[in-house]
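# Analysis of the macromolecular model
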Amino acid sequence: KFEKQTDIVDIRQSEAWSKYLKMYGWVSNQLPSGGILRLAKFPFFSVARVHRATCLTARDLKEIECICKTKRAICTKISPSAGQDLTVLEKFGYKRRGGIDLPPRTAFIDLKLDEAILWKNLTKDCRYSIKKSCGENNRIEIYQNPNDKIVEKYYQVLNDRGQKIRLYILPLRDHLEKIKCFGNESFISFVYNEKGEVLGTKMFLGFNGCVWYMYSGLTKLGAEGCGNYQLLWDCIQYFKKIGYNAMDMEGLSDDRLKNQTKNWKNYSDYKMQFGGNIVDFPLPYIKCVTIF
């Protein structure tokens, strides 16, 4: 389905993502080329965001100007897609500045490849870790459209891990809303040891033939073993089997933003052992106006 990674429509451009963001007050507007502009309203002004819309055109940008003027938007921030012509943004007064809303570097795994090739694309250490986990009789469970009880169990692992490594974790209601909005394209997975103790967990969300690796958590036991490798490998096999064409690993450390992504190195190294193709997205462009 995808000729190259830049053909993949980002999950933030999905209707399900628009439904999810309603909980935070974001209102979505469709642009002429099909992309989505979202605005959040404050007492006297609003702010606007475009997250990875596929190749914004001059017509799109004119529509954005019109909507933002009507809604009294003081700042419009665009996180461009990989194929975006940046000169079009610059002609409309957008400038390269501001912090990131989305991970600017990711890796895509082509799930259309034969399983034998996917296995070969893993690093030697990754294959060893998967075999070691299997040899320890670890067990994988994957839930499609999981119920609240499963989400709460996943969240407990995620939140405990976040507190341990001092990483902010969105509240439980955020994760529950994502699952609700994505429905049958939402997935939570676990890896257990042979005693039935949880070692790790992951959430994935799917859209338009691609599945996104959203969140991951390890227990203390899981951090000491290799179950996390078996978990991701089994998920890759599962998503290939049920018909997804690609997996977005969603976030790698980026040398363009060394300070902002320096704490991402460990899990970036983990993800890159699974053989994905790296894609760098352009950094955000911003346009601010005075409305007072």
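Above this text is the structure in question.
We now turn to the structure provided with this report. Along each chain, residue indices are assigned from 1 in the same order as the chain's sequence is written. Given that the model is predicted, a residue must reach a pLDDT of at least 70 before its local features are reported, and side-chain atom pairs must reach 80 or more before they are shown or counted; all residues, however, enter totals for whole chains, interfaces and linings. Heavy atoms throughout the structure, all of them, feed into the side-chain values; hydrogens and water do not.

### A short note on the overall build of the protein
Secondary structure elements are defined from DSSP: runs of H or I of at least 4 residues count as helices, runs of E of at least 2 residues count as strands, and each element is numbered from the N terminus. Each helix and strand counted, the protein has 11 helices and 13 strands in total. The globule rule used here is 2.2 Å times the number of residues to the 0.38 power, and the radius of gyration it is set against is calculated over C-alpha atoms. The C-alpha atoms of the protein give a radius of gyration of 20 Å, which matches the 19 Å a tight globule of 292 residues would have. Considering only C-alpha atoms, the protein reaches an extent of 65 × 35 × 35 Å along its principal axes. Using the Shrake-Rupley algorithm and a 1.4 Å probe, accessible areas are obtained, with residue cover drawn only from the displayed protein chains. Element-wise, carbon and sulfur atoms account for 50% of the exposed surface of the protein, whose accessible area totals about 14800 Å². The averaged location of the 32 negative side-chain charges in the protein is 5 Å from the averaged location of its 46 positive side-chain charges. Positive: Lys, Arg. Negative: Asp, Glu. His and the chain ends are not part of the count. The location of each charge is read from NZ of Lys, CZ of Arg, CG of Asp or CD of Glu.

### A closer look at the packing of aromatic side chains
Here a pair means two rings of Phe, Tyr or Trp (six-membered ring of Trp) with centres within 6.5 Å. Their orientation is stacked below 30 degrees between planes, edge-to-face above 60, and tilted elsewhere. Throughout the structure, instances matching the rule amount to 18 aromatic pairs. Both rings, one in Tyr20 and one in Tyr24, keep their centres 6.1 Å apart while their planes meet at 90 degrees; by these two values the pair is edge-to-face. Buried residues are those whose accessible area, probed at 1.4 Å on protein chains only, stays under 20% of the maximum for their type, while exposed residues exceed 50% and partly exposed ones sit between those limits. Since its relative accessible area comes to 5%, Tyr20 is described here as buried. A relative accessible area of 33% means that Tyr24 is categorised as partly exposed. One aromatic cluster is present, built from ring pairs that chain together Phe187, Phe204, Tyr213, Tyr238, Phe239 and Tyr244. Two conditions define a charge sitting above a ring: the NZ of Lys or the CZ of Arg must be within 6 Å of the ring centre, and it must be within 35 degrees of the ring normal. Arg12 extends its terminal NZ or CZ atom over the ring of Trp17, reaching a point 5.7 Å from the ring centre. One Lys or Arg, Lys271, reaches over the ring of Tyr213 and ends 4.8 Å from the middle of that ring.

### Considerations on the sheet that holds strand β9 (residues 198-207)
Should DSSP find at least two bridges between two strands, the strands are regarded as paired. Taking strand neighbours across the sheet as the criterion, the seven strands line up as β7-β8-β9-β10-β11-β6-β12 in an open arrangement whose pairing is mixed. With one partner strand each, in any of the chains shown, β7 (139-144) and β12 (277-280) form the two edges of the open sheet. Averaged over all pairs of adjacent strands, the angle between strand axes in this sheet comes to 25 degrees, irrespective of strand direction. Of the pairings in the sheet, the one linking β9 to strand β10 (residues 210-218) comprises eight bridges and is antiparallel in character. Considered in β10, the bridge of Gly200 is made with Leu218. Its contacts with the sheet place helix α7 (residues 172-182) against β8 (186-192), β9 and β10, and it is angled at close to 45 degrees to β9. A fitted line through C-alpha atoms represents every axis, and for helices the fit uses only the stretch in contact; the resulting angles, taken between N-to-C directions, go from 0 to 180 degrees. When checking whether two residues touch, look at their non-hydrogen atoms; a contact exists if any pair is within 4.5 Å.

### Here's the deal with unusual backbone geometry
Even without glycine at this site, Asn137 takes up a positive phi of about 65 degrees. Looking at where Asn137 falls in the secondary structure, it is placed in the loop between α5 (124-135) and β7. Overall, Asn137 belongs to the partly exposed group, its relative accessible area being 48%. In this structure, Arg166 is a non-glycine residue whose phi angle is positive, near 60 degrees. Looking at the element boundaries, Arg166 is found in the loop between α6 (148-164) and α7.

### Regarding the environment of Asp101
Among the structural elements, Asp101 can be located in the loop between β5 (95-96) and β6 (105-110). For the pair Asp101 and Thr87, spaced 14 residues apart in sequence, the C-alpha to C-alpha distance is 21 Å. When residues no more than four places from it in sequence are discounted, the contact partners of Asp101 are Arg49, His51, Lys77 and Ser79. Within the local environment of Asp101, its side chain forms a polar contact with the side chain of Arg49, the two groups lying 3.4 Å apart. Counted as a polar contact is a pair of N or O atoms within 3.5 Å, where, for protein atoms, one must be capable of donating a hydrogen and the other of accepting one, and residues adjacent in sequence contribute only when both atoms are in side chains. Here His51 takes part through its side chain, which lies 3.4 Å from a polar atom of the side chain of Asp101.

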